[in-house]
Amino acid sequence: DVRQDVYAFSIGFFLVGVGVECLGKVGGILQSQGPANLLHSLFCFSTIAGKCGVAGTTTLVLLPLMTGLLLDLTLGVPLRVGLHQTPARSPLDHWLVGILSLKLCYRLMLLHPTRLPLHDVVAEAAANGWRQLRLRWLLQQLALPLLAAAGALLALPYTLVWGTLPLAGVSPATCACVHRWVYPAGAAAWLVWLVWVRVGRVVRRLHDALRDSLYLVGRQLHNIS
């Protein structure tokens, strides 16, 4: 096929160009700085590349993939897959959905009037960039907590359905139906709880404001005599 030949030629030409450029850089460093500085530069580059690889794998691959899978189990599967059908898993689609959803959450977090728990961590990680990456801090403060939360949200309902219901004598078909609707039910329960907490907070503030306007004379007691 002509199209495949053109693609192969383009990729090969690009790789050859990159190889020639790398050899030119290495030769220039050898002539100007010597082999010791070249080895030091290669060590620094490999260290930065390793840190970026670990950070990119955790934050740009695993976290979006788990987020997209969780969103698909919560919204996609109950709407597009019938009860007697098996949902098809597409890791690439889950990853794309996870990337878009995490980017949307990041934009909404920046626009939020109050500082959310991960606002400072995300802002500092974005300010540091890849060259000043602190891998241990990034994993401890951002990547591992989010991965643990996403893993718990994925694993706990699955373990609860397929680990406990068969022991109670429930049929596999019923377990599959319960597993399909446990994620939307959990998301709905979380939304109801969130609305309840927000409404309770607003009602409490309104009650305090009305009470203070009616009965509060002063916030500091004075000696009348």
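Residues numbered from 1 in each chain as written. Predicted model: local features only at pLDDT ≥ 70, side-chain atom pairs only at ≥ 80, totals over all residues. Heavy atoms only, no water.

Colleague: Can you break down helix α4 (residues 119–128) residue by residue, with the values?
Modeller: Listed as buried for α4 are His119, Val121 and Val122. In this structure, the buried residues of α4 make contact with α3 (91–111) and α5 (135–164). Once α4 ends, the next one or two residues include glycine 129, with phi positive near 75 degrees. (Buried < 20%, exposed > 50% of the residue type's maximum accessible area, 1.4 Å probe, protein only. Helix = DSSP H or I, 4+ residues; strand = E, 2+ residues; numbered from the N terminus. Contact = heavy atoms within 4.5 Å.)

Colleague: Describe the environment of glycine 151, with residues and values.
Modeller: Mapped onto the secondary structure, glycine 151 falls in helix α5. A relative accessible area of 23% means that glycine 151 is categorised as partly exposed.

Colleague: Explain the layout of surface pockets to me, and be specific about the residues and the numbers.
Modeller: There is about 2,100 Å³ of room inside the largest pocket. In terms of lining, the largest pocket is formed by 43 residues, of which the most central are Leu102, Cys105, Tyr106, Leu118 and Leu146. Of all the secondary-structure elements, those providing two or more residues to the lining of the largest pocket are α2 (35–80), α3, α4, α5 and α6 (172–215). When residues of the lining of the largest pocket are assigned to their parent elements, the largest contribution, 10 residues, is made by α2. Across the lining of the largest pocket, the residue classes break down as 35 nonpolar, six polar and two charged. (1 Å grid on protein atoms, 1.4 Å probe; cavity = no way out; pocket = protein on both sides within 12 Å on 5 of 7 lines; lining within 4 Å. Points joined across faces, edges and corners; volume = space filled by probe spheres on them. Nonpolar A, V, L, I, M, F, W, Y, C, P; charged D, E, K, R; others polar.)

Colleague: Which residues make up the pattern of salt bridges, and what values do they have?
Modeller: When charged atoms on two side chains of opposite charge get close, those side chains can pair. For the structure shown, the criterion picks out one salt bridge. When the shortest N-O distance is used, the salt bridge between glutamate 124 and arginine 134 registers 2.5 Å. Of the two residues, glutamate 124 sits in helix α4 while arginine 134 sits in the loop between α4 and α5, which places them 10 residues apart along the sequence. Owing to a relative accessible area of 34%, glutamate 124 belongs among the partly exposed residues under this scheme. (Salt bridge = Lys/Arg side-chain N within 4 Å of Asp/Glu carboxyl O.)

Colleague: Give me the side chain of threonine 67: which residues, what numbers.
Modeller: If you trace the backbone, threonine 67 turns up in helix α2. Under the relative-accessibility criterion, threonine 67 is labelled buried at 16%. Here leucine 63 takes part through its backbone oxygen, which lies 2.7 Å from a polar atom of the side chain of threonine 67. Leaving out residues up to four positions away in the same chain, threonine 67 has contacts with Gly98, Ser101 and Leu102. (Polar contact = N/O pair within 3.5 Å; in protein donor to acceptor, adjacent residues only side chain to side chain.)

Colleague: Explain the environment of alanine 8 to me, and be specific about the residues and the numbers.
Modeller: Mapped onto the elements of the fold, alanine 8 is located in helix α1 (residues 2–32). Taking the C-alpha atoms as reference points, alanine 8 and isoleucine 99, 91 residues apart in sequence, are found 29 Å from one another.

Colleague: Please give an account of a nonpolar patch on the surface that cites residues and values.
Modeller: There is a patch of nonpolar side chains on the surface, built from Leu60, Val61, Leu62, Leu92, Trp95, Leu96 and Trp130 and spanning about 630 Å² of accessible area. Of all the elements in the fold, those that place two or more residues in the nonpolar patch are α2 and α3. For leucine 96, the location among the structural elements is in helix α3. We classify leucine 96 as partly exposed; its relative accessible area is 42%. (Patch = residues over 30% accessible without salt bridge, like charges linked within 9 Å, V, L, I, M, F, W, Y side chains within 5 Å. Areas by Shrake-Rupley, 256 points an atom, 1.4 Å probe, with all protein chains shown as cover.)

Colleague: Tell me what's going on with the environment of valine 161, and back it up with residues and numbers.
Modeller: Inspection of the secondary structure puts valine 161 in helix α5. Given a relative accessible area of 2%, valine 161 falls into the buried group. Through-space distance from the C-alpha of valine 161 to that of leucine 70 is 16 Å; in sequence the pair is 91 residues apart. Contact partners of valine 161, with chain neighbours within four places excluded, come to Pro166, Cys175, Val178, His179 and Val182.

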